[in-house]
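Fold and contact review
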Amino acid sequence: MKRFSPAVYNLVLILILAWPLAAQDSAALAKGKQLFLGMCSRCHGITGGGGEGPNLNRPVLERAPDDKTLLAVIRDGIPNTGMPRVRRMTDSELNSLVIFVRSLGKVEAADVSGNPANGRAVYAKLGCSGCHTVAGEGGDFGPELTNIGAFRAPDYLRQAIVDPAAALPKGIRAVPGRGFNEYLPVRVVMRDGQEVRGIRLNEDSFTIQVRDMSGQLHSFRKTDLQALDKEIGQSLMPNYSAKVSGSDLDDLVAYLWTLRGAK
Amino acid sequence: MKSSCTLLLLAAGVALAQVPYQRIVGADSNPGSWVTYSGNYQAQRFSGLDQINRQNVSQLKLTWVYQMQNSGIVETSPIVSDGVMYLTEPPSTATALDLRTGRPLWTYTPKIPSDVIIIGSPPVNRGMAILDNTVFFGTVNCHLIALDAKSGVVRWDTKVDENQKGYYITSAPLAIDGKIIVGTSGAETGIRGFIDAFDAKTGKRLWRTWTVPGPGDPGYQSWGGESWKHGGGSTWLTGSYDPQLHLVYWGTGNPAPDWNDDSRPGDNLYTCSLLALDPDTGKIKWHFQFTPHDVHDWDSTEIPVLFDATVNGRARKVVSMANRNGFYYVLDRQTGEFLTAVPYIKQTWTDGLDAKGRPFARRDADPKVNGTLVYPDITGGANWWSPTYSPKTGLFYQAAREIAGIYYKGDAEYKDGTAYTGGGGERKTGDDAFGAIRALEATTGKQRWEFRLITPPLAGLLSTAGGLVFGGAEEGNFFALDADSGKLLWELQLGAAIRANPMSFAIDGKQQVAISSGASLFVFGLP
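Residues numbered from 1 in each chain as written. Chains lettered and ligands numbered in written order. Predicted model: local features only at pLDDT ≥ 70, side-chain atom pairs only at ≥ 80, totals over all residues.

**Focus on the overall build of chain B**
In terms of helices and strands, chain B carries two helices and 38 strands. For a compact globule of 527 residues, the expected C-alpha radius of gyration is about 24 Å, and chain B comes in at 22 Å, within 12% of that figure. (Helix = DSSP H or I, 4+ residues; strand = E, 2+ residues; numbered from the N terminus. Rg over C-alpha atoms; globule rule 2.2 N^0.38 Å.)

**Points about the overall build of chain A**
Helix and strand counts for chain A stand at eight helices and seven strands. A globule of 263 residues ought to have a C-alpha radius of gyration of about 18 Å, yet chain A, at 24 Å, is considerably larger. Overall size of chain A, expressed as C-alpha extent along the three principal axes, is 105 × 45 × 30 Å. Counting all 263 residues of chain A, 30% fall into the buried class. Contacts spanning at least 24 positions in sequence make up 59% of the contacts within chain A whose residues lie at least 6 apart. (Buried ≥ 20, exposed ≤ 12 C-beta atoms within 10 Å, placed from the backbone. Contact = placed C-beta atoms within 7 Å.)

**Considerations on the sheet that holds strand E31 (residues 447–453) of chain B**
Residues and elements named next belong to chain B. Read across the sheet, four strands follow the order E26-E27-E30-E31 without closing on themselves; strand pairing throughout is antiparallel. Strands with a single pairing partner mark the edges of an open sheet, and in this sheet they are strand E26 (388–390) and E31. Taken over all neighbouring pairs, the strand axes of this sheet differ in orientation by 25 degrees on average, direction set aside. Pairing of strand E27 (residues 395–402) with strand E30 (residues 434–441) involves eight bridges; the strand directions are antiparallel. Opposite Arg401, over in E30, you have Gly435 as the bridge partner. (Pairing = 2+ DSSP bridges. Axes fitted to C-alpha atoms, helices over the stretch in contact; angles between N-to-C directions.)

**Regarding the sheet that holds strand E10 (residues 154–159) of chain B**
Residues and elements named next belong to chain B. Strand order in the open sheet made by the four strands is E7-E8-E9-E10, with antiparallel pairing throughout. Both edges of this open sheet fall to strand E7 (129–131) and E10, since each of them pairs with a single strand only. Between one strand axis and the next, the sheet turns through 20 degrees on average, direction left out of account. Pairing geometry for strand E8 (residues 134–138) and strand E9 (residues 143–148), over five bridges, is antiparallel. The partner of Val135 across the bridge, within E9, is Leu147.

**Thoughts on unusual backbone geometry**
Most of the time, phi is negative for any residue but glycine, and the peptide bond is trans. Residue and element names in this part refer to chain B. Note the cis peptide between Leu269 and Tyr270, where omega equals -10 degrees. Here Tyr270 lies in the loop between strand E16 (247–251) and strand E17 (273–277). Residue Tyr375 is joined to Pro376 through a cis peptide bond whose omega torsion reads -5 degrees. Relative to the helices and strands, Pro376 is located in the loop between strand E25 (372–374) and E26. Even without glycine at this site, Ala43 takes up a positive phi of about 60 degrees.

**Here we look at the confidence of the model for chain B**
Residues and elements named next belong to chain B. Mean pLDDT for chain B: 96, with 97% of residues reaching 70 or above. Confidence over residues 1–15 falls short of pLDDT 50; this stretch has zero contacts with residues more than four positions distant or in other chains. Across the whole predicted complex the pTM is 0.93, and at the interface the ipTM reaches 0.91. (pLDDT = per-residue confidence, 0-100.)

**Quick notes on the interface of chain A and chain B**
The interface of chain A with chain B comprises 24 residues on the first partner and 25 residues on the second. Breaking the side of chain A that touches chain B down by element, the ones donating at least two residues are helix H1 (6–39) and helix H4 (91–104) of chain A. It is H1(A) that provides the largest number of residues to the side of chain A that touches chain B, a total of four residues. Of the residues that constitute the side of chain A that touches chain B, the class distribution is seven nonpolar, nine polar and eight charged. (Nonpolar A, V, L, I, M, F, W, Y, C, P; charged D, E, K, R; others polar.)

**Looking at the environment of Glu75(B)**
Residue and element names in this part refer to chain B. Inspection of the secondary structure puts Glu75 in the loop between strand E2 (61–67) and strand E3 (79–81). On the basis of neighbour count, Glu75 is assigned to the buried category, with 24 C-beta atoms found within 10 Å. Residues Glu75 and Gly282, 207 residues apart in the sequence, show an inter-C-alpha distance of 28 Å.

**A few points about the pairing of strand E18 (residues 284–289) of chain B**
Residue and element names in this part refer to chain B. Strand direction decides the pairing type here: E17 and E18, joined by five bridges, are antiparallel. What sits directly across from Leu277, in E18, is Ile284. Linkage of E17 to E18, two consecutive antiparallel strands, is achieved through a turn of six residues, within which Gly282 is found at a positive phi near 85 degrees.

**Brief notes about the nonpolar core**
Ranked by internal contacts, the top residues of the largest apolar core, which has 140 residues, are Met128(B), Ala129(B), Ile130(B), Val135(B), Ala175(B) and Ile180(B). Setting aside anything within four residues of it in sequence, one finds Ala129(B) in contact with Thr36(B), Tyr37(B), Val135(B), Phe136(B), Ala172(B), Pro173(B), Leu174(B), Ala175(B) and Ile180(B). Counting residues in each nonpolar core, the second largest holds 23 residues, with Met39(A), Leu70(A), Ile99(A) and Tyr407(B) among its members. (Core = buried A, V, L, I, M, F, W, Y, C linked by C-beta atoms within 7 Å.)

**Here we look at helix H8 (residues 246–258) of chain A**
Residue and element names in this part refer to chain A. Spanning 13 residues, H8 covers 19 Å between terminal C-alpha atoms, matching the ideal 18 Å at 1.5 Å per step. The complete set of buried residues in H8 reads Asp250, Asp251, Leu252, Val253, Ala254, Tyr255, Leu256 and Trp257. Check the buried side of H8 and you find it contacts helix H5 (116–126), helix H6 (148–151) and helix H7 (154–162). (Expected span 1.5 Å × (residues − 1).)

**Looking at the pairing of strand E14 (residues 205–210) of chain B**
Of the pairings in the sheet, the one linking strand E13 (residues 194–199) of chain B to E14(B) comprises five bridges and is antiparallel in character. Looking at the pairing, Phe198(B) lines up with Arg205(B) of E14(B).

**Some thoughts on the packing of helix H3 (residues 67–76) of chain A against H4(A)**
All names here are of chain A. Contact geometry of H3 with H4 gives a least axis separation of 9 Å together with a crossing angle of 115 degrees. Two packed elements cross with a definite hand, and for H3 against H4 that hand is right-handed. Contact residues: Asp67, Leu70, Leu71, Ile74 and Arg75 in H3; Leu94, Leu97, Val98 and Val101 in H4. For the contact of H3 with H4, a count of residues per class yields seven nonpolar, no polar and two charged. (Left-handed = near helix turned anticlockwise from the far one by under 90°.)

**Observations regarding the packing of H5(A) against H8(A)**
All names here are of chain A. Following both chains from N to C, one finds H5 and H8 inclined at 100 degrees, their axes separated by 7 Å at the closest point. Here H5 is positioned roughly perpendicular relative to H8, judged by the angle of their axes. The residues of H8 that touch H5, namely those facing Pro116, Asn118, Gly119, Arg120, Val122 and Tyr123, are Asp248, Asp251, Leu252, Ala254, Tyr255 and Thr258. Of the residues that constitute the contact of H5 with H8, the class distribution is six nonpolar, three polar and three charged. (Parallel < 35°, antiparallel > 145°, perpendicular 65-115°, else oblique.)

**Points about the environment of Asn383(B)**
Residues and elements named next belong to chain B. Position of Asn383 relative to the elements: it lies in the loop between E25 and E26. A count of 23 C-beta atoms within 10 Å places Asn383 in the buried class. With sequence-adjacent residues up to four places away left out, Asn383 is seen in contact with Glu302 and Arg324.

**Some remarks on the environment of Pro116(A)**
For Pro116(A), the position within the fold is in helix H5. Not counting residues within four places of it along the chain, the set of residues in contact with Pro116(A) comprises Ala254(A), Tyr255(A) and Thr258(A).

**Concerning the confidence of the model for chain A**
Overall, the prediction assigns chain A a mean pLDDT of 89, with 90% of residues at 70 or greater. Ranking the elements of chain A by mean pLDDT puts H1(A) last, at 73, and strand E6 (residues 217–221) of chain A first, at 98.

Right under this line is the structure:
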């Protein structure tokens, strides 16, 4: 009677042991994918490439280096960021999502073809630093970009340049509140007809705080106003589609994509 | 001789009782006090005081502030009687304050186990009840505690049910003649809901009425299989009471699991309903189910408000409710007959209601794994915060939310003391959402006026004989509106979200208005 060689025996054993595990994993993966498409893809993209939320096609997620942390991030969200607790989940749902999100880390990240060094020059030439700060340098009328590459994906960054109104950031902090448009342009007309246009800093039902184009703060009680137009869907950032395109645009996106804050 | 002395002493004892039952019945004739959660048994949250009025409300000044001992969301609605304010602090502390100064007289915090289970809401407490010389409050580990009103000494401490199965208490009990009626939270852990009555003197349970019927009970057929055992139907907000009809009105919460209905085909009685109970026996005299087979977590625990009015030419005793599902309902409170209902906010879950008030619920609005956008959101058009009814204007005022939610269906696995929700909801907050204080004709629900808020509110309302409606905003503004027109008369920034109900009382004959913001209770009066 011919005996199996130890190697074949081991292989058979491994297959027998691994088979149910693999089946379980693939079921969890499928379930995780279904949950991800429903709850996560709006911000992280259908294949995890990111968008308004960070790209997940990376082997290491800084906020979630191990599965335990990743599970906690999915379960609880991350305070003061755009990452909410979407809903309460069972342990099995959470585990399936962890397995699927980990699988996204093995997907090759979208190619960002531009040249960041040239992008930096484009950034300077266009005068972006007039309104944006990177690593302590620059203006402060628009959002700080020091860490922008860590939480926006290239496609979103590109859109913010060529169609900024379509990529107005949604509030993630207490001011003016989660989900509110940040940097929202408003036009205020006082009783005497005087007009102020600027961005909304904060608002409640009775008052509004506005910063005008010169950086001046204005505080109004709404009962004192003739008109208050919230220009939802607009941005005070100029549309740069006519000023930058082609490889310069690729390079600029590539530069912004490298901005991951102080290490 | 000896026996007449005893009688005299007994009579004196009764006379000295701080808040006898009859005083709560007659709450409207003593508006300087506030002796039950909603101000009177009719749950109108209306103050008969008129010193603060349209002309002088803009002169309101701070009288005192009390800062809570613990952090956490403050949803308390104080009780005021005989120079003392009784309030609760999160999660389960009872405190008595000197009414003139806000200085604490006593405070009591029961031992709460470190493994306490609170699933379904933040660990809040909405207030106390008072009867005779005793105050009563519920705790997050599901005890009902009676304290001596003068000293805070514990008279009794009764376990209402098992916290390790998910039962907990956030609402103020309702004190009626000799009885303390209390509801429970916990549908998100798959409890089986109930309403309990306890003997006010001894803390012994007098009756329990399950809100989810068991085998053989009427309504049992509205559940599939064993689903009734963990069917939810919690009872987490204070009901109202009609002393003449001798009926208690109490709303019930969502079926469990909330967003996954696979295990519970049928109407799921008596979830998302209003129950009229005989307080002597707990027997259900009638029920009205607002949302049969709810799949959005729209509890119907909202405050049932009682008033008498002519409806369609006929004098009626009615009960009305601005329901979390977006409709304002008017029912006959003697019989439970449906009289009318109209949406008071945008809703997309039903193609209206039939002649008996049953919704034509849209099944395409059911939760899905990848989410379904529906108005309103899971918090709903209304929720725990109180509406107010003014007998002077005949208007029902509601702090209403205009906001959509995305509803997800998920797995539902029952295990004692863990979440049994089967999905969840995401709120579509931001510039598209808003809120409004809406004044509805109480008998028809027709909107008379609204005052817009930029954020959907989580704070209740008070109306007063001075022609005012007081309310609070998420951004911390406390404000007064003209009860007839909705015109803004006064507003002050208190520095933190207002998630409480305003109420009113008098100190030495001077009217005050109280509201909590953040972890502080503010009291305002005229200079």
